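# Chain and residue survey
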Amino acid sequence: MNQTISRLIMNRIGLGVLTLWIVSLVIFIITNLLPGDAAQELLGQSATPETLAALRTQLGLDLPIYTRYIQWLGGLLVGDAGYSMVNGMSIMELIWSRLPNTLVLAAFAASVSVPIALSIGIFSAMYRGSWFDRYINMMAVFAVSVPEFLIATIAVLIFAVKLGWLSALSHVESAHTFGEMIKVYAMPVLTLCSVLVAQMARMTRAAVIDQLSSPYVEMALLKGASPMRIVLRHVLPNALGPIANAVALSLSYLLGGVIIVESIFNYPGIATLMLNAVSTRDMPLVQGCAMLFCFGYLILVLIADICEIVSNPRLRK
Amino acid sequence: MSSNTSSVKKATSIYSVSLFSRLRGRSASGAIGGILILFWLIMSVIGPMVAPYGANDFVSYDVFGPVSAKYWMGTDYLGRDIFSRVLNGTPYTIGVALAATVAACTAGVVSGLVAAASGGWLDAVISRTQDAMISIPSKMFALIMVASFGSSVPLLIIMAAIAYMPGSFRIARALAVNVMTLDYVQVARLRGESMAYIIFKEVLPNMFRPVLTDFGLRFVFVVLLLSSMSFLGLGVQPPDADWGSLVRENISGLGSGAPAVIAPAIAIASLTIGVNLLIDSFGNKSAHH
Amino acid sequence: MTELVKVSGLRVAVRSGGADIPIVHGADFSLKKGEVLALIGESGSGKTTIALSLMGYARSGCHIVGGSVQVAGVDVLTLSPHQLTKMRGRTVSYIAQSAAAAFNPSKTIMDQVIESAMIHKTCSRKEAQEKAIGLFKELALPSPETIGERYPHQVSGGQLQRLMAAMALITDPALVILDEPTTALDVTTQIEVLRAFKKVVQERNTTAVYVSHDLAVVAQMADRIVVLKNGEIQENNVTREILEAPTNEYTKSLLSAMKPETRQDTVEQKTMDLNTDTPLLEVRHLEVSFGNKKVLHNIDLKIRRGATVGVIGESGSGKTTLARSIVGLVQASGGNTYLDGEQLNEHATKRTREQLRRVQYVFQNADTALNPLHTVEEILARPLRFYHGMKGKKQRDRVLELLSLVHLPASIANRRPTELSGGQKQRINLARALAAEPDIILCDEVTSALDTVVGAAILELMADLRKKLNVSYLFISHDISMVQAICDEVVVLYSGFKVEQGAGESFQRPPFHPYTQLLIDSVPELQQGWLESTNANHETLPTISAAKQNVELCPFLDRCAVRIEGKCNRIIPARIKLPKGNQILCHHTFVNDLNSQSVQRHEQKNALVESV
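Bear in mind the structure is a predicted one, so any value in this text is a computation, not a measurement. (Residues numbered from 1 in each chain as written. Chains lettered and ligands numbered in written order. Predicted model: local features only at pLDDT ≥ 70, side-chain atom pairs only at ≥ 80, totals over all residues. Heavy atoms only, no water.)

## Some thoughts on the packing of aromatic side chains
Taken as a whole and judged by the stated rule, the model has 18 aromatic pairs over all chains. Both rings, one in Tyr361(C) and one in Phe363(C), keep their centres 4.7 Å apart while their planes meet at 70°; by these two values the pair is edge-to-face. Here the two residues Tyr361(C) and Phe363(C) agree in accessibility, since each one is buried. Joined through ring pairs, the aromatic side chains of Phe28(A), Tyr69(A) and Trp72(A) make up one cluster. In this arrangement the basic side chain of Arg284(C) is found over the ring face of Tyr338(C), its NZ or CZ atom lying 4.1 Å from the centre. Over the ring of Phe386(C) we find Arg353(C), and its NZ or CZ is 3.8 Å from the ring centre. (Phe/Tyr/Trp six-rings, centres within 6.5 Å; stacked < 30°, edge-to-face > 60°. Buried < 20%, exposed > 50% of the residue type's maximum accessible area, 1.4 Å probe, protein only. Lys NZ or Arg CZ within 6 Å of the ring centre and 35° of its normal.)

Structure, rendered in structure tokens:
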């Protein structure tokens, strides 16, 4: 690791922090744009002006918007996202109670989809134009075109209704053995993976094909290298950056995908927490969850950027 | 070595061939995609008029009824004709998505051109803001917007437009920056042409194809996003219903395998697959060149 | 000696829209062991396609339709894919045109050089590495022991090209294919690479196929030449015969295009006085910096009305930057540009329309200089309307007039650039500049992307137009023989410094600035034995002590064959005037010492060439 590389990485981290700050601003402004008053919402129509005013002071709603923003942002920095307006619980606690479940689901989906997608992408690039490639491409077009809830409903229809193998709802608490885990996670993971694999495989294929058309691949071919050697020794080291980007972008899709999947399977994760917050208009909780999701996205993109920088041979000493 | 002659040949086949024969040369899947899109576009205008029943007419006592000659897609949880409800949902699904996509791409392309043409601090500010916007996942953004403002058709259009503008901006800016470094744009600059001439005569026409492809992809994303929102009950609100709402309201029929759940979902898939097939055939065509 | 390679009836086709378009129509030739055969032709002649088919390979979109290719007794066209991988890199190896692109950027050079030895298991890794280092030495590469540890982007283009030769020779193949291996290099680098190639080819008695468009280069390397045009063999003979007694018309036209004729009309122009007239265009003390790096140093330049001035230099010399700065695309950090004595703003956007009209710029690459979506008529009509307000029939007539001025048919007006050939596009590019009715046209390497014959025709056209329209030209080029033949005045740039300036014909006899000398000596001549006889880069450089720090010294110090200890590495040279009129930036006065020496050398060389 030399100076140029560390400077570039620091640069990216700095940009990430700047972006996160702009995101916090956007989220805060949107959620505070309407004069809709949390105190009014909490107390209902029958509240007296006095109690309303008292609650406003208590919630800090009488302060100007920038003061509230600074307070909120300062809280976030020290790990305090405020309290839910619906049940008064600490938002951090609420999030911590749900986050592990979502992370397990995401990790499951990622660990299944990444190897499958990369191998499919690389193979279809190697055998471009073959029946395998065309078949995979067709499947991928279908998978990215179809809404997740259709895949989920079809999965439920087949595995829960017709075959009766799995339960339509995910009871995480009841999963103790490995077999039970599989049963609980099978359908949510399957739903997430179908789109994930399709996207990632398409992007990987494009990245590999891009490298396959470069002169150094022709050179390797004319040195007598086998197709396998060309891909493993020559193409992959150069395609690492683009592939890391493809993986990061696809995984960031997970952040959106879990919203639907958790909702359909009634899975107790962050997304269902956020959906509840949206329907009860529990703004501090909405803000907290939104910041968490954006943070996750930025981390993924940052990792991909760093992979790209580190794998760039031109930056090596 | 043969690049010179072959590039001439390539070029002739791109430009001198008429539009008609170009379309004829497309793959079968592209044609299927085109037909699907055309069908749904027509339905989004005349759908509600040609529907056999009213969208909210209770036509049958048989809830979650099967496919029949009378009810082409069965009946829903209240005994309404699903086929009519799908046709009545077309303007919502396609119209709203189209409006949002047009807004997103227009805003994206305009800001992309402004950023590319101006450069400097203005470019930096626009790019940074758009980059921040792109790091809010679209579904997340949709939820925040609905939580803050409640759900209505104008809000959904604005929300989807804002959510998908940064992606369009990125592509438009990259394309514009690329074209602007080309020698023929330098030639126009050296001639003393105005920025407007350069953008409208030299740059935009050369961005048209990729921007159009991007428009199609973005339309698919918007349709999927809006359907998902409706599916979650946060999109188009009753009594109006788009296809996502139809899936949601009939989800209880899933256990019995009712067509009421499957039909609207398939309608969505046929639209998005159609667009993707058409774009893909364009992509394959240009990949050969 | 036996025939190592025998090609008969080879046919290759491009698959386009379901139909096969033949690009090689039945090639027959053979090659004995130890012989070097050149395939020569312009772009589209099929030379690379034929060479690649010797490895049983056709590029994407092409496929071999018929015929047989015998290499070492095996017909490679009948081999299975698996057998082909065993043959490639072992029996036949390949040296690609652009080494910069053909090296994998993410692997070390050594890994790539010995890769074919590893694939074909000809020796152990350690043996292969030792052998590679031996080859690096033979190819005169700097620090042969450690250069293999580097990555491709860390060595220069000329070195990469030689490293690729090591890569090709590591398995001691029966046949080596060299595909335009020096085309992407500067002439002064090309000569080093050619020497290295020639040495290893001779020492190892290598059988080789050398693909090139450049007859002069081929004359140095090949025993036999096959001339190709549009996929057909025009002539196949030993090198001497091809050069001295070509029988084929096409070969003759290639040969004549190689020798640019000196212009006749320079004399009358010369009578105009250099100093009394206000020059049409003048550059005074121009300096340009990119960041901290100064790319142009104190450039002075005057162009009279109707004169042609050439600026030559190798890549990175700042020649294009100079032209771009004159037209206002690049901003100067010092100095000014004047048009008819009137100072021009350094930003093109802040110049008046009239100023912009009078100075036109013709870009090197007509492919990117013409908007692919506009028709030829639209392209030519725009400046007519923009500068002269022409409309309707008048505009249309003028477009046709311009087309006939550049010798193009009127029917071309409705076509788009992508439907035109390279030469036609460059003519349109030129016609667009003429449409403005400029006083001066800046031409940036306008012929370098074109085939020799096509490029020669463009130059002829430009000389013709100059006579007709009395327009001035500033020619940017890397080709000193072309520039000295057509220009009234020549400026030589070296890493941003003007090292020499003088009348065009003065570049035909020494003395010169040492860099100009090197440049002239490096241009391949259409003569066998030139490579051995030329002085360029032959001698070892005089050893000098470390250069003085923090002083601006002669830019050519590191490569100069006549540098002087205590002078060149200590103080900046002055601009001096040679007796023949040329101005040079050098410590040598060439009055007695080098003058006689280099004249002598010149004569020696001529004598040598005649004796060959």
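## Observations concerning the interface of chain A and chain B
The figure often quoted for interface size is the accessible area lost as the parts come together. The interface of chain A with chain B comprises 45 residues on the first partner and 40 residues on the second. Both faces considered, chain A and chain B share a buried interface measuring about 3,700 Å² in area, 80% of it formed by carbon and sulfur atoms. When the buried area of chain A at its contact with chain B is split by residue, Ile30(A), Ser145(A) and Phe149(A) rank highest and sum to 16% of it. Applying the counting rule to chain A against chain B returns one salt bridge. With a shortest N-O distance of 3.1 Å, Glu148(A) and Lys139(B) are connected by a salt bridge. At the boundary of chain A and chain B, one finds seven residue pairs in polar contact (both at pLDDT 80 or more). Residue assignment for the side of chain A that touches chain B shows that the elements contributing at least two residues are α1 (3-33), α6 (131-145), α7 (148-162), α10 (227-264), α11 (270-280) and α12 (283-311) of chain A. Ranked by the residues each element gives to the side of chain A that touches chain B, the list is headed by α1(A), at ten residues. Among the residues making up the side of chain A that touches chain B, the classes are represented as 34 nonpolar, eight polar and three charged. (Contact = heavy atoms within 4.5 Å. Buried area = accessible area lost by both parts, 1.4 Å probe. Salt bridge = Lys/Arg side-chain N within 4 Å of Asp/Glu carboxyl O. Polar contact = N/O pair within 3.5 Å; in protein donor to acceptor, adjacent residues only side chain to side chain. Helix = DSSP H or I, 4+ residues; strand = E, 2+ residues; numbered from the N terminus. Nonpolar A, V, L, I, M, F, W, Y, C, P; charged D, E, K, R; others polar.)

## Focus on the sheet that holds strand β5 (residues 74-75) of chain C
All names here are of chain C. Taken in spatial order, the four strands make up an open sheet running β2-β1-β4-β5, and their pairing is antiparallel. Looking at which strands have only one partner, the edges of the open sheet turn out to be β2 (19-32) and β5. Pairing between strand β4 (residues 62-71) and β5: two bridges, direction antiparallel. Counted as the bridge partner of glutamine 70 is aspartate 75 from β5. (Pairing = 2+ DSSP bridges.)

## Points about helix α3 (residues 28-50) of chain B
All names here are of chain B. Taking 1.5 Å per residue, 23 residues should reach 33 Å; α3 reaches only 29 Å between its end C-alpha atoms and comes up short. At serine 44, α3 is bent by approximately 60°, the largest bend along its length, and proline proline 48 sits one to four residues beyond. Residues of α3 that are buried: Gly30, Gly33, Ile37, Trp40, Met43, Ser44 and Gly47. (Expected span 1.5 Å × (residues − 1). Bend = angle between axes of the 7 residues up to and from the residue.)

## A look at the confidence of the model for chain C
Residue and element names in this part refer to chain C. Counting all residues, the mean pLDDT for chain C is 86, and 92% of those residues have values of 70 or more. Residue range residues 266-273 is modelled with pLDDT below 50. Its contacts to residues more than four positions away, or to other chains, number twelve contacts. Below pLDDT 50 for its whole length, residues 603-612 participates in nine contacts with residues either more than four positions away or in separate chains. (pLDDT = per-residue confidence, 0-100.)

## Some points on the pattern of salt bridges
Scanning the entire structure with this criterion turns up 42 salt bridges over all chains. Close ionic contact of Arg218(B) with Asp214(B) constitutes a salt bridge, the shortest N to O distance being 2.9 Å. Of this pair, Arg218(B) and Asp214(B) both sit in helix α9 (residues 195-231), four residues apart, roughly one helical turn. One salt bridge connects Arg559(C) with Glu314(C), and the closest N-O pair in it is separated by 2.9 Å.

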